[in-house]
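# Geometric and topological summary
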Amino acid sequence: MSNAGAGRNGIALTERQRIAWLRLIRSDNVGPATFRDLINHFGSAETAIELLPELSRRGGSTRAIRVASVAEAERELESAHRFGARFVGIGEPGYPPALRQIDGAPPLLAVKGNPALGTVPSLGIVGSRNASISGAKFAAMIARETGRSGYSIISGLARGIDTAAHRASLETGTIAALAGGLDQPYPPENIGLLKEITEGNGLAISEMPFGWEPRARDFPRRNRLIAGVSLGLAVVEAASRSGSLITARYAADFGRLVFAVPGSPLDPRCQGTNGLLKDGAIVTTETQDILQALAPLSRIDLFTPPRVEEPGTQDAGPMAPPPKEGDRVRITDALGPTPVEIDDIIRHTGLSASATYLVLLELDLAGRLHRHAGGLVSLSAED
């Protein structure tokens, strides 16, 4: 990608690049981290797509990897257009700047609504679906007052606390993160609320394909989006085992502030939030607790250079030769079911970083590598 139009807010993809990016992220065994590594190693999504079958074969795959076609990508782009949505890349203007900073950020987001809202400093608000009246009122209060102070409010469109937070921030700006495609909102009773959000001063975002119906395993990815977009996360009423606590763990991992509203020890809906307070979350009994803590963060320049960028053709160097078979064996033998750091693999094997990363990519595309939080890797259980 050339630097024409480069600026503080990012670099726009060409339509050809957008199709290639969509093809790459929709191909088998290509997640956000693998996508980033492929672009960084091979220079462009188009080159990476051409090499996927060979990389997967070299990694030991016994079946051909499915590579998304141009026609599939074009159909999804057309679906987005008909729906009034579009795709924004991680290095483009409009991509949430805080989300851009996390490991494994989605390379493409489907967005619908006010695109400028994605770049506004954001507070996440989550909590119980079976919220109490007082819990819903408190969530609405902090959403309304924080929104009036210049922050957007992001939540997951769920019943209870999420709904209260969204409704209270419709005028100031609210972001709904979806677990499925933008055209497959959940729960059904909030379809009208989603329409109010996207047709008003709000925004809906998703990393999932159009037409994708959300399943239970998709909601942690949505929770990760909420934590990644926000500077801080407020948890209002959360049971001891709840999706809100998953979101809080993500927020802590990303270095975000975690706020928790204390509740009665006798109320099961407050066991999770009270537990967060024991673990060091910020006690939150009024909106000012949040605003005072967020103020220093909101002044930080989050518009860092893109994490994934395609260099111009003139910048691309010669492609490195494939690793030797012996090198693959050394790296595979060094791996096991216990997660390890990639730097440790390099030191243990004595191989170059380039060769090591390429072998790990091959194993990943063959479905033999498991990626963990913090950049750790291990062999998949099947190995």
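Residues numbered from 1 in each chain as written. Predicted model: local features only at pLDDT ≥ 70, side-chain atom pairs only at ≥ 80, totals over all residues. Heavy atoms only, no water.

In terms of regular secondary structure, the protein chain is built from 15 helices and eleven strands. On C-alpha atoms alone, the protein chain measures out to a radius of gyration of 22 Å, which is about the 21 Å that the 2.2 N^0.38 rule sets for 383 residues. Within the protein chain, counting contacts between residues at least 6 apart in sequence, those at least 24 apart form 72% of the total. (Helix = DSSP H or I, 4+ residues; strand = E, 2+ residues; numbered from the N terminus. Rg over C-alpha atoms; globule rule 2.2 N^0.38 Å. Contact = heavy atoms within 4.5 Å.)

Moving on to the sheet that holds strand β6 (residues 203-206). Pairing is mixed across the open sheet formed by nine strands, whose spatial order is β1-β2-β6-β5-β4-β3-β7-β8-β9. Looking along the sheet, the strands with just one partner apiece sit at the ends: β1 (86-89) and β9 (282-283). The sheet contact formed by strand β3 (residues 122-127) and strand β4 (residues 152-155) spans three bridges and is parallel. Note that in β4 the partner of S122 across the bridge is S152. Packed on one face of the sheet, helix α11 (residues 271-278) meets β7 (232-236), β8 (257-260) and β9 and runs near 130 degrees to β8. Sitting on the sheet, helix α12 (residues 287-298) touches β3, β7, β8 and β9, and the angle it makes with β8 is about 175 degrees. (Pairing = 2+ DSSP bridges. Axes fitted to C-alpha atoms, helices over the stretch in contact; angles between N-to-C directions.)

Grouped together as the largest cluster of nonpolar side chains are 68 residues, with contacts concentrated most on W21, L24, V30, L38, F87, I205 and L276. For this core, the element with the highest residue contribution is helix α1 (residues 15-25), accounting for six residues. Those residues in contact with V30 that sit more than four places away from it in its chain are L24, I25, F35, L38, L52 and L365. (Core = buried A, V, L, I, M, F, W, Y, C linked by side-chain atoms within 4.5 Å. Buried < 20%, exposed > 50% of the residue type's maximum accessible area, 1.4 Å probe, protein only.)

According to UniProt, the feature "domain: Smf/DprA SLOG" (unreviewed entry) maps to residues 87-294 in the numbering used here. Helix makes up 36% of residues 87-294 and strand 18%, whereas the separation of the span's terminal C-alpha atoms amounts to 29 Å. (UniProt positions renumbered as here; feature names shortened; annotations may be inferred.)

So, on to the environment of W21. With respect to the helices and strands, W21 occurs in helix α1. The spacing of W21 and F35 is 14 residues in sequence and 8.7 Å in space, taken between C-alpha atoms.

This part takes up the domain arrangement of the protein chain. Its domain assignment divides the protein chain into domain 1 (15-84), domain 2 (98-299) and domain 3 (325-379). A straight line from the C-alpha centre of domain 2 to that of domain 3 covers 35 Å. (Domains from an automatic or database assignment.)

Let's shift gears to the packing of aromatic side chains. With the rule as written, the count across this model stands at five aromatic pairs. Ring centres 5.9 Å apart and planes at 70 degrees place the aromatic pair Y186 and F219 in the edge-to-face group. On the criterion of sequence distance, the pair formed by Y186 in the loop between β5 (174-177) and α8 (191-199) and F219 in helix α9 (residues 219-229) is long-range, its members being 33 residues apart. Among the aromatic residues, those joined into a ring-pair cluster are F83, F87 and F210. (Phe/Tyr/Trp six-rings, centres within 6.5 Å; stacked < 30°, edge-to-face > 60°.)

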